[in-house]
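# Structural features, examined
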Amino acid sequence: MSNIVLKIDSIEKSFGGLKAVRELSLFVNKGEILGMIGPNGSGKTTIFNIISGFLKPDRGKIFLNGTDITKLSPHIRADLGIGRLFQDVRILKKLTAIENVLLAQKNHSIEGPLASFFKINRIKNEKKKLTEEALKWLEFVGLKDKRDTIAENLSFGQQKLLALATILFSDPEIILLDEPLSGLDPQMKNKVLDLILELKDLGKTIIVIEHLLDFVFDMSDRVILLNNGKKVYDGSPKELRKNHLLMEVFTGNHAE
Amino acid sequence: MNYIFHILTMINIYLILSLSLNILVGYSGLLSICHAAFYGIGAYISAILMTKLGINFFFALPIAIMGSMVLSLLVSIPSVRLKGDYFILTTFAFQIIVFDVLYNWVSLTKGPYGISGIPSPSFLGYLITGPVKYFFFSLIISILCFVFINIVLKAPFGQVLKAIREDETLAHALGKNVTKFKIQAFAVASALAAISGVLFAHYVTYIDPTSFTLDESIFLLSIVLIGGCGNIKGPIFGTFLLVIIPEILRFLGIPDTIAPNIRQIIYGLLLVIFMYFRPQGIAGEYKFE
């Protein structure tokens, strides 16, 4: 029994003539934090879109815990355990914090239009259970006292934390974090970094895209460096720091 | 006195229409201009069943509801994949097709002549007829629909619809089957529109296709947008306002020949003014952009 959670097998993706992802393969082990770095336009977010199902690869396969998920739509992948934090913070601005978190619940039988008529008791019990769980995650990110605040009244950093809590609540197999630190003040950056490390201690599996290399090197067990849609490095962050590749790629001097 | 009860009955009918349209426009963010088509489908199914086959009202009603729900798939399946203006065009096409079918399928619908002599509903031998009795009957039905809509929208279902309205990508990423929810929202809204249609047909006892035109769909949309959408009270305000305004015009002594035109001008002006100064309507919480 292997402990690979996510495996990507030589995927390719082009937009018109532009090859955004080329022959890319990677895997993530259970409980590992994989950092994904690369200059703008190197295909990082495209890979997240392919993993979460918003883009279909032209070629190649994606496996989650050994199951081929290449052809499944995003909502089914979410149910199977892919949780994604978007780069531009996505939350429901008109709903309260707790309502936001609760939306990620996975028991779809209580979401039918007529469910309230036939399953009143089940919904009540379920709601109580889910609310407790949701509060647990709000507390984890430090927003428990904001539970009834309308999301748009939270600060940008708090909105990001709320989005994180929403994903954690759905208890995913793998968490995709797209620039979790961007736009945050230094204090908040450290807080999010601590949270990510805490998640690692809880045994969560995470892929993180981030521009702030020092932070990525601090939090990741392994780092992947991308350039023009191609993987040019896959290994320990310590060695990459010393590697000339890093400088070449980010200054645009890396030969194909 | 009968006149007052007549208006109140029409308000009951329009309340169901506007509250159900609000499920699409206000909660799901789907700007539909074919709601009058489902209103007409309900009215015609029940009128045909009762006049041609002599089926009891309380059997015809569920059949009309089912029929309308099934037909809603014709617009919901293709249109959930189309966004924005293309979606509106799909609902527009459906509205036109339904009107044309009602107008031209003479052997079934009697076309432009309309169906007359639609019997009043009878309940255990008690005939519900005349404005007063019918008012209380329609009141009971509209209260039931109101309670139903309230429960459905307060439930997790309504919450998911709002999520889809605000951010479809996020809803998708959180595991919501967006297509399924849109189809369900359409089915619920058309079922309720069919109920209004049935109530209307058996109240006026004569229907023809001109009651279910594009103009009517736009009128319903005006109710929801002027009253305000995204919550329950908005459409209720809108219904009272827009159903009562034309009745007030009646008392101003405006000649019958120009009254309908003035009414159109007032609706148009109200829509423009509201879209400009108060896009969320009188009491709504959702701004349509």
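Residues numbered from 1 in each chain as written. Chains lettered and ligands numbered in written order. Predicted model: local features only at pLDDT ≥ 70, side-chain atom pairs only at ≥ 80, totals over all residues.

## Focus on the overall build of chain B
When its secondary structure is counted, chain B shows 12 helices and two strands. Going residue by residue from the N terminus, the α and β elements of chain B occur as α-α-α-α-α-β-β-α-α-α-α-α-α-α. Taking 2.2 N^0.38 as the reference for a compact globule, 289 residues should give roughly 19 Å; the C-alpha atoms of chain B span a radius of gyration of 19 Å, in line with that estimate. Residue burial in chain B is summarised as follows: out of 289 residues, 49% are buried. (Helix = DSSP H or I, 4+ residues; strand = E, 2+ residues; numbered from the N terminus. Rg over C-alpha atoms; globule rule 2.2 N^0.38 Å. Buried ≥ 20, exposed ≤ 12 C-beta atoms within 10 Å, placed from the backbone.)

## Considering the interface of chain A and chain B
On the side of chain B, 20 residues touch chain A, which itself brings 22 residues to the contact. Going through the elements one at a time, α2 (74-80) and α4 (115-118) of chain A are the ones with two or more residues in the side of chain A that touches chain B. Partitioning the side of chain A that touches chain B into residue classes produces nine nonpolar, five polar and eight charged. (Contact = placed C-beta atoms within 7 Å. Nonpolar A, V, L, I, M, F, W, Y, C, P; charged D, E, K, R; others polar.)

## Some points on the packing of helix α3 (residues 57-79) of chain B against helix α4 (residues 84-104) of chain B
Residues and elements named next belong to chain B. Relative orientation of the contacting elements α3 and α4 amounts to 160°, with a least axis distance of 10 Å. One way to sum up the angle between α3 and α4 is to call them roughly antiparallel. In the crossing of α3 with α4, the sense of the turn from one axis to the other is right-handed. Side by side, α3 and α4 meet where L74, V75, P78 and S79 of the first sit next to F87, T90, T91 and F94 of the second. Split into classes, the residues belonging to the contact of α3 with α4 amount to five nonpolar, three polar and no charged. (Axes fitted to C-alpha atoms, helices over the stretch in contact; angles between N-to-C directions. Parallel < 35°, antiparallel > 145°, perpendicular 65-115°, else oblique. Left-handed = near helix turned anticlockwise from the far one by under 90°.)

## Some words on the environment of G117 of chain B
Residue and element names in this part refer to chain B. One can find G117 in the loop between α5 (106-109) and β1 (122-123). For the pair G117 and V204, spaced 87 residues apart in sequence, the C-alpha to C-alpha distance is 9.3 Å. The contact partners of G117, leaving out residues within four places of it in the chain, are T51 and T205.

## Regarding the pairing of strand β9 (residues 222-227) of chain A
Residues and elements named next belong to chain A. Of all six residues in β9, five are buried, a share of seventy percent or more. Note that strand β3 (residues 33-37) and β9 share four bridges and pair parallel. Considered in β9, the bridge of G35 is made with V223. The pairing of β9 with strand β10 (residues 230-235) spans five bridges and is antiparallel. Note that in β10 the partner of I224 across the bridge is D234. Hairpin connection of β9 to β10: two residues between the antiparallel strands, including N228 at a positive phi of 50°. (Pairing = 2+ DSSP bridges.)

## Notes on helix α6 (residues 156-169) of chain A
Residues and elements named next belong to chain A. The end-to-end C-alpha separation of α6 is 20 Å, in line with the 20 Å expected for 14 residues at 1.5 Å each. Burial runs high along α6: 12 of the 14 residues are buried. Within the sequence span of α6, burial applies to Q158, Q159, K160, L161, L162, A163, L164, A165, T166, I167, L168 and F169. Directly after α6, the chain includes D171, whose backbone phi takes a positive value near 50°. (Expected span 1.5 Å × (residues − 1).)

## Some thoughts on unusual backbone geometry
If a residue is not glycine, its phi is most likely negative; likewise, a peptide bond is most likely trans. Residues and elements named next belong to chain A. Residue N65 is not a glycine yet carries a positive backbone phi of 50°. Mapping N65 onto the fold places it in the loop between β4 (59-64) and β5 (67-68). For D171, which is not glycine, the phi torsion reads 50° and is therefore positive. The topology assignment puts D171 in the loop between α6 and β7 (174-178).

## Notes on the domain arrangement of chain A
Residues and elements named next belong to chain A. What the domain assignment reports for chain A is domain 1 (1-81 + 174-256) and domain 2 (92-109 + 116-171). One C-alpha centre belongs to domain 1, the other to domain 2, and the line joining them spans 27 Å. Tallied by class, residues from the side of domain 1 that touches domain 2 come to five nonpolar, one polar and two charged. (Domains from an automatic or database assignment.)

## What to know about the sheet that holds strand β2 (residues 18-29) of chain A
All names here are of chain A. One open sheet holds the four strands; their spatial order is β2-β1-β4-β5, and the pairing between them is antiparallel. Because the sheet does not close on itself, it has two edges, and the strands there are β2 and β5. Both strand β1 (residues 4-15) and β2 contribute to a ladder of eight bridges, which runs antiparallel. For K13, the partnering residue across the bridge sits in β2 and is V21. The sheet contacts of helix α1 (residues 44-52) involve β1, β2 and β4, and relative to β2 the element is tilted by about 65°.

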